[in-house]
Amino acid sequence: MSGNVVLITGAAGWLGGLLAHALLSDERTPNVRLILADIVEPKAPAGSNAITIQADLTIPGKVDTLFRTDFGIPDTVYCMHGIMSLSAEANYARSLQVNFDSVRALLDAVRYAGERTGTALKFIFTSTLAVYGGPTPPVVSPLETIVTPESAYGMAKLADELFINDYTRRGFVDGRILRLATIVVNRGALSAATASFISAIIREPLRGRPTTCPIGDSLDSPELNTELWVASPETTIANLIIAKHIPGDAFQPHTRVVCLPCFTTTIREELVALERVAGKEAVNLVRFEDDPISRRIVTSWPARMDNSYALGLGFKVDEDGMLPIVQRLKEKMLAEEA
C-alpha cells in the first residue's frame, strides 16, 4: 500500500468532484494521488495526480479493478456513489443494486485489500438523514433516536451502515459513517433527488432561470414553513476531509455513525435570503406545484438535531444561516462571468 492514495467512488458527481479538488490542498494529505471512479468517467482536477475510471460497480468484478491501478491499494476510500431518493423509489431493483449490492462489494474489496497490506483501510461512507422516518422527537439525538426509513434510498443506506459498523467491529475496515443533510446550494444540475429543489430555488433564479418548488402552492402557503436541516457545500467538504483524520478510537465504541453538524432553516427563509441578495424578481422566478410524494418524504426528515457529539469530534458547522450562503454563491457566479 502506498501512502496518501485516495479512492473516491461517485467522483463524477458534484460533491465527489468538490472533494477531489479539496484533497489537493489538504496539508495532512501531501502529494495525494487520486483514483476517481464513477458510472461515467470523472474529470481529474487540474494539476492533480489522478487516475480516472469509468466503471459500473454493480457488474461483478468491476470493483476489484479499482484496487489494481498503478497507484496500488488506496489507504482511504470515500464511498459516495448512489441512486438518489426519487429515482430509488421509481426503480427499486436497480436502487438496491447500486445503493446496497455495490457498496457491499466495495466494502469486501476494501476488507481483502486491507488484509493483504496488514492494515484496516479507512472506509468513509456518505449516508443520509433519510435513514430516519416516522415520528421523531423535536430534537433528534444521533446516538439515541431510532432509525425507521420511509424510502428505498434511506433503507439501503441504513443497511450499508449496519455492515460498515460490523466490519469495523471485526477489524476488517476502519469505518466512518457520515450522515449528510441537505447541501445548499448544490451547484450541480437539477437531479432526481427529492431534496434537489432546495438548492434549485436559489441556484436557478440567481442564473435568471425559472424553477419549481414542489412544496406549497404559493408564496403564502404555510407549507413553506417546513423546516429543513441543511449545510453549505464548503462546510460539508471540510467535514469530509476532517473525517479522514479523526483517530478511530475517538468515535463511540459501538458505532461509527456521525450526523454531520448542520443548521435549521425553512423554505420561506431560503426565499427571504434570495430576495435580500437578488431582489423580488428572483423570487418571482420560483413556481409552486405541490407534490404530495415530495412533501411526504421531505417532512419525514429530521429538522433539528443535537450537534454536540459531532462538534466534539472536531467537525464544523455553518454560522449565520442562509444569507451568507446565498451571498457567497452570487459572488462566485459573478466571478465566473467576469
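Residues numbered from 1 in each chain as written. Predicted model: local features only at pLDDT ≥ 70, side-chain atom pairs only at ≥ 80, totals over all residues. Heavy atoms only, no water.

Visitor: Before we go on, may I ask you to explain the sheet that holds strand E9 (residues 227-231) in this structure?
Guide: On the basis of which strands lie adjacent, the open sheet formed by three strands has the order E7-E9-E11 and mixed pairing. Single-partner strands in this sheet number two, and they are strand E7 (182-183) and strand E11 (263-266). In the sheet, E7 pairs with E9 via two bridges, with the strands oriented parallel. Bridging from a neighbouring strand, Thr182 pairs with Val230 of E9. Relative to E11, helix H8 (residues 267-278) is tilted by about 80 degrees, and along the sheet it contacts E9 and E11. (Pairing = 2+ DSSP bridges. Helix = DSSP H or I, 4+ residues; strand = E, 2+ residues; numbered from the N terminus. Contact = heavy atoms within 4.5 Å. Axes fitted to C-alpha atoms, helices over the stretch in contact; angles between N-to-C directions.)

Visitor: Please clarify how unusual backbone geometry should be interpreted in this entry.
Guide: Excluding glycine, most residues fall at negative phi; most peptide bonds, likewise, are trans. Between Val184 and Val185 the backbone carries a cis peptide bond, its omega angle lying at 5 degrees. If you trace the backbone, Val185 turns up in the loop between E7 and helix H6 (196-206). For Asn31, which is not glycine, the phi torsion reads 55 degrees and is therefore positive. Turning to its location among the elements, Asn31 is positioned in the loop between helix H1 (14-23) and strand E2 (33-38). One non-glycine residue, Asp320, lies in the positive phi region at around 75 degrees.

Visitor: I keep staring at the sheet that holds strand E1 (residues 5-9) and nothing clicks. Help me out?
Guide: Backbone hydrogen bonds are what pair the strands of a sheet, in a parallel or an antiparallel way. Taken together, seven strands build an open sheet; the order of strands is E3-E2-E1-E4-E5-E6-E10 and the sheet is parallel. Lying at the two open borders of the sheet, with one neighbouring strand each, are strand E3 (49-54) and strand E10 (257-259). Taking each pair of neighbouring strands and ignoring which way they run, the sheet shows an average axis angle of 20 degrees. Sheet topology note: the E1/E2 ladder contains five bridges and is parallel. Bridge pairing in E2 places Thr9 opposite Ala37. Contacts between helix H5 (residues 152-169) and the sheet are confined to strand E5 (122-128), strand E6 (174-180) and E10, with E5 contributing the most and set at about 155 degrees to the helix.

Visitor: Help me understand H8 in this model?
Guide: In an α-helix there are 3.6 residues to a turn, and that puts residues three or four apart on one side. Here H8 contains twelve residues, and its C-alpha end-to-end distance of 16 Å stays within 8% of the 16 Å for a straight helix at 1.5 Å per residue. Inspection of H8 places Ile267, Glu270, Leu271, Ala273, Leu274 and Val277 among the buried residues, and these make up the whole buried set. An end-on view of H8 places all buried positions within 160 degrees of arc, on one side of the element. In the stretch just after H8, Gly279 is the one whose phi turns positive, near 90 degrees. (Expected span 1.5 Å × (residues − 1). Buried < 20%, exposed > 50% of the residue type's maximum accessible area, 1.4 Å probe, protein only. Arc of directions from axis to C-beta.)

Visitor: What is the right way to read the side chain of Asn99 from this model?
Guide: Assignment of secondary structure puts Asn99 in helix H4 (residues 92-117). A relative accessible area of 2% places Asn99 in the buried class. Not counting residues within four places of it along the chain, the set of residues in contact with Asn99 comprises Gly82, Ile83, Ala88, Tyr153, Ala156 and Asp160.

Visitor: Is there a simple way to explain empty space enclosed by the protein in this structure?
Guide: Using a probe with the size of a water molecule, rolled over the atoms, empty space left in the structure can be pinpointed. The tally for this structure, following the rule as stated, stands at one cavity of 30 Å³ or more. What the largest cavity holds in volume is close to 30 Å³. Around the largest cavity sit Leu180, Ala181, Ile183, Ala231, Thr236, Asn239, Leu260, Pro261 and Cys262, which together line it. For the lining of the largest cavity, the per-class residue count stands at seven nonpolar, two polar and no charged. (1 Å grid on protein atoms, 1.4 Å probe; cavity = no way out; pocket = protein on both sides within 12 Å on 5 of 7 lines; lining within 4 Å. Points joined across faces, edges and corners; volume = space filled by probe spheres on them. Nonpolar A, V, L, I, M, F, W, Y, C, P; charged D, E, K, R; others polar.)

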